[in-house]
Structures are given as C-alpha cells and as structure tokens.
Amino acid sequence: MRAAQYTQPDAPLRLVDLPVPTPGPGQVLVRMHASGVCGTDIHVWHGHFPVTAPLVLGHEPVGVVEVLGAGVQGLKVGDRVGVSWVQRGCGACGQCQRHKELYCDAATTWMTLVGGHCEDMLAEARGCTLIPAGVDWAVAAPMFCAGYTVMSGYRNARAKAGERVAVVGIGGLGHLAVQVAKAMGHEVVAITGSADKRAESLSFGADEVLVVKEHAGLELAAMGGADIVLSTSNSMRHNSQVLAGLRHEGRLVTMAVGGEPIAVDPMLMLLKQLSVVGSMQDERQDMVEVLALVAAGKVKPKLELYGLDEINTLMERQRDGKVRYRGVIELAR
Ligand SMILES: [Zn+2]
Ligand SMILES: [Zn+2]
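Model, not experiment: these values are computed from the prediction.

Peer 1: Would you explain the coordination of the zinc ion (ligand 1) in this entry?
Peer 2: Perfect tetrahedral coordination of a metal by four donors corresponds to 109.5 degrees between them, and perfect octahedral coordination by six donors corresponds to 90 or 180 degrees. Looking at the metal site, the zinc ion (ligand 1) is ligated by Cys38 (SG), His59 (NE2) and Cys145 (SG), spaced 2.0 to 2.2 Å from it. Spacing between the donor residues of the zinc ion (ligand 1) along the chain follows C-x20-H-x85-C. One end of the pair, Cys38, is in the loop between β3 (27–37) and α1 (39–45); the other, Cys145, is in the loop between α3 (137–140) and α4 (146–156), and 107 residues separate them in sequence.

If you want it as structure tokens, here you go:
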C-alpha cells in the first residue's frame, strides 16, 4: 500500500510502498478514503514533536473498516469510521481509571501506531468513531481533529444562551468554530488580521467581522465585546489583547500552540472576573456532536483536495498559511 512518510525535519515527505499491516487484538484495519492535513502536522514536520522516524503522518483519517482484529466488539467490516488522535489509554493509570484517556501518558496515538496518510491504516478499535450516513469522506475527515478541537473548546467555554461569541483566527479551526457557535445559536464575531477573509467569514455565518488594526481587544470592546472568545490563533499578541474585549465573567478559550506566553492584566482579570481556559480534544462526545452538526448541514468545512502524491504541495501550502481552509488528501482507490 502507498503511504507518505516523515523521515527527518523539514525534508519532503517520502512516498513509499509498505506492506499492508495485520491488525492485532483490539485493532482494525481501515481502508482509507480521506486524510486531513492539520497545522500540527507542520509542527511535527519541523521536528517539534517526539515522534520516531520514519512515520506516516496524518491524524484526521477516515475510511471503511476492512479487517477486524481478535476480540473487537462494536465494529463490523464495512463500517464508516474516523480515527481520533488518542485511540486508547493504557487502562491502568489513574487517568484511565477515571476514563480520561486523553491524559494517559502511555496512550496509543497515531504517533505510536501509524498516521492516516496511507491506503490501509492500522487503528485501535477504541479509537474509531462512526461517521453519520450521508457525510462525504473529505468533509468528515477534518472533524477528527479540527472539528473535534473546536467543539471541545466551545463546550469548555460553558456557553449560555444568548451569549456573544468571538472567534480569533479564521483558519482551519476558526472557520469551523464560527460555524459551531452559529449553529449553537450565538451571535458571532469573527476576528482576523486578514482583510481578505472578511467576506468568507460572513459566508461561514459570522454576524460581524473585526479585521484587527491595532488592538484586537479594544476594537472588540468598541463593537460591544464578547462573553466568550474562542481562539485558534497562533498570534499570542492578539490572544493577549483580546482579553480587553471580554465582557464581565468572560472566558478566553485558547486552542492554539505558540512559543510565546499570553499576557494577562491581573486587575482586568479581577475587576471583570475573567477566565482563561486551555482546551484540546476532550471528551469523545464532542466529536460525535460536531459530526452531528455536519450531518445536519450546519457545519461545512471549506476544503482544498489533493491526491496522496501531492502531499508535499499541501504541506508547503499549510506551512505558508495558504490553505483555505482545510487541506484533505483523498485516498479512494
Ligand atoms: Zn490536528
Ligand atoms: Zn493510562
């Protein structure tokens, strides 16, 4: 089977022919149909993640279950599934005991097993989630990282009816966050540094768009502020500024990685009783819910589609911030 392997930092991914793996106990083999490319793939590509090369990248994989390993329950051959980043915990540690496998230090992930940029992917059965009927493969793929992440971020914001939601960073995650917040009934402000994203932000459902000139927070406050800011932006300058745009008891939910700290004014935090909430892919329920929003036509990723042999073109576009808004490798044979 064909696959795209990471071999060393910043080198082009290598297209190789690998033996089709045999699933062990509790595992399945997934005949891949699509695999999304995420900003995190670029961090891995730059060597910022503890992976052992060579490794097949890709953590937004979707396809059809084609072989069941011993003892697999709840899945059958022919099921349409996607595979999440954390597939299975060790089962024995304190985090696993309280069903928080995402915190398990010995979890099985795509980094320890194999990623999705291949034709036949080995996966833990526990890492698979069924895809609702009628959802296209390429549309489903980005839900397994980008959609999952923003749905968890939204839930971790503990949103209340009528609250105004701002989204910072209109990219792979942010364009979905706008749609999720809108689907959940909120007035939504899209915040971006790129004037050319104004029209598309409105098309994603934003009620208003703030193209930041000098200070994201003061400019948001001038527009009435927000109760919740969902940030997917790598700009810690914007993430620091935007606190000034939160209303009383407002929450900044930060979902992006960055090398710099977020600066917090303690007096502002105190007087408005603000919270800064870190959020990553959390409960599996969040992904099931975002898939349901997709199936209902309320969330729709905007995609660029590529073949496996074009993976390096897509990686370069992702690195350069050119992808509008999610790049997906199609693998149907
Ligand atoms: Zn990702
Ligand atoms: Zn564990």
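Peer 1: Would you explain the coordination of the zinc ion (ligand 2) in this entry?
Peer 2: Within the protein, the zinc ion (ligand 2) binds to Cys90 (SG), Cys93 (SG), Cys96 (SG) and Cys104 (SG); these donor distances fall in the range 2.3 to 2.4 Å. Angles of 103 to 117° at the metal separate the four donor atoms of the zinc ion (ligand 2), which places the site in the tetrahedral class. The sequence pattern describing where the donors of the zinc ion (ligand 2) fall on their chain is C-x2-C-x2-C-x7-C. Residue Cys93 is located in the loop between β7 (86–88) and α2 (94–97), and its partner Cys104 is located in the loop between α2 and β8 (108–109); the two are separated by eleven residues in the primary sequence. Overall, Cys93 belongs to the partly exposed group, its relative accessible area being 24%.

Peer 1: Got a minute to help me understand the packing of α4 against helix α10 (residues 284–295) in this structure?
Peer 2: Packed helices, taken two at a time, are described by their axes: the angle between them and the distance between them. Taken N-terminus to C-terminus, the directions of α4 and α10 make an angle of 110°; their axes are 8 Å apart at the nearest point. Comparing their axes, α10 and α4 come out roughly perpendicular. Two secondary-structure elements touch here, α4 through Gly147, Tyr148, Met151, Ser152 and Arg155 and α10 through Arg284, Asp286, Met287, Glu289, Val290 and Leu293. Residue classes in the contact of α4 with α10 are distributed as five nonpolar, two polar and four charged.

Peer 1: Sorry if this is basic, but what is going on with the nonpolar core here?
Peer 2: Within soluble globular proteins, side chains that are nonpolar tend to cluster in buried spots. Formed by 45 residues in total, the largest nonpolar core has its most connected members in Val62, Val178, Val180 and Leu230. When contributions to this core are tallied by element, the ones reaching two or more residues are α3, α4, β11 (164–168), α5 (174–183), β12 (187–192), β13 (208–211), β14 (226–231) and α10. Setting aside chain neighbours within four positions, we find Leu230 in contact with Gly153, Tyr154, Ala157, Val165, Ala166, Val167, Val168, Ala177, Val253 and Met255. Leu13, Leu55, Leu57 and Val65 belong to the second-largest nonpolar core, a separate cluster that totals 39 residues.

Peer 1: What exactly am I supposed to notice about α5 here?
Peer 2: Side chains three or four residues apart in an α-helix point the same way, a direct result of the helix having 3.6 residues per turn. Burial within α5 is extensive, with eight of its ten residues counted as buried. Among the residues of α5, those classed as buried are Gly174, His175, Leu176, Ala177, Val178, Gln179, Val180 and Ala181. Its buried side turned inward, α5 meets α4, β11, β12, α6 (198–203), β14 and α10. Following α5 by one or two positions, Gly185 adopts a phi angle in the positive range, close to 95°.

Peer 1: What's the story with the domain arrangement of the protein in this structure? I'm lost.
Peer 2: Accessible area lost upon the coming together of the parts serves often as the stated size of an interface. One can read the domain layout of the protein as domain 1 (2–145 + 282–330) and domain 2 (147–278). Placing the centre of domain 1 and that of domain 2 at their C-alpha centroids yields a distance of 27 Å. The partner domain 2 presents 22 residues to the 22 residues of domain 1 that form the contact. In this assembly, domain 1 packs against domain 2 so that about 1,900 Å² is buried in total across both faces, 57% of it on carbon and sulfur atoms. Looking only at domain 1, the three residues that lose the most surface to domain 2 are Asp282, Asp286 and Tyr325, adding up to 32% of its buried area. Counting every contact that joins domain 1 to domain 2 gives four salt bridges. The closest approach of N and O atoms between Asp282 and Arg155, which form a salt bridge, is 3.2 Å.

The rules behind these values
Residues numbered from 1 in each chain as written. Chains lettered and ligands numbered in written order. Predicted model: local features only at pLDDT ≥ 70, side-chain atom pairs only at ≥ 80, totals over all residues. Heavy atoms only, no water. Donors = N, O, S within 2.8 Å, 3.2 Å for Na, K, Ca; no water. Helix = DSSP H or I, 4+ residues; strand = E, 2+ residues; numbered from the N terminus. Tetrahedral: all angles 85-135°; square planar, octahedral: opposite > 155°, others 65-115°. Buried < 20%, exposed > 50% of the residue type's maximum accessible area, 1.4 Å probe, protein only. Axes fitted to C-alpha atoms, helices over the stretch in contact; angles between N-to-C directions. Parallel < 35°, antiparallel > 145°, perpendicular 65-115°, else oblique. Contact = heavy atoms within 4.5 Å. Nonpolar A, V, L, I, M, F, W, Y, C, P; charged D, E, K, R; others polar. Core = buried A, V, L, I, M, F, W, Y, C linked by side-chain atoms within 4.5 Å. Domains from an automatic or database assignment. Buried area = accessible area lost by both parts, 1.4 Å probe. Salt bridge = Lys/Arg side-chain N within 4 Å of Asp/Glu carboxyl O.

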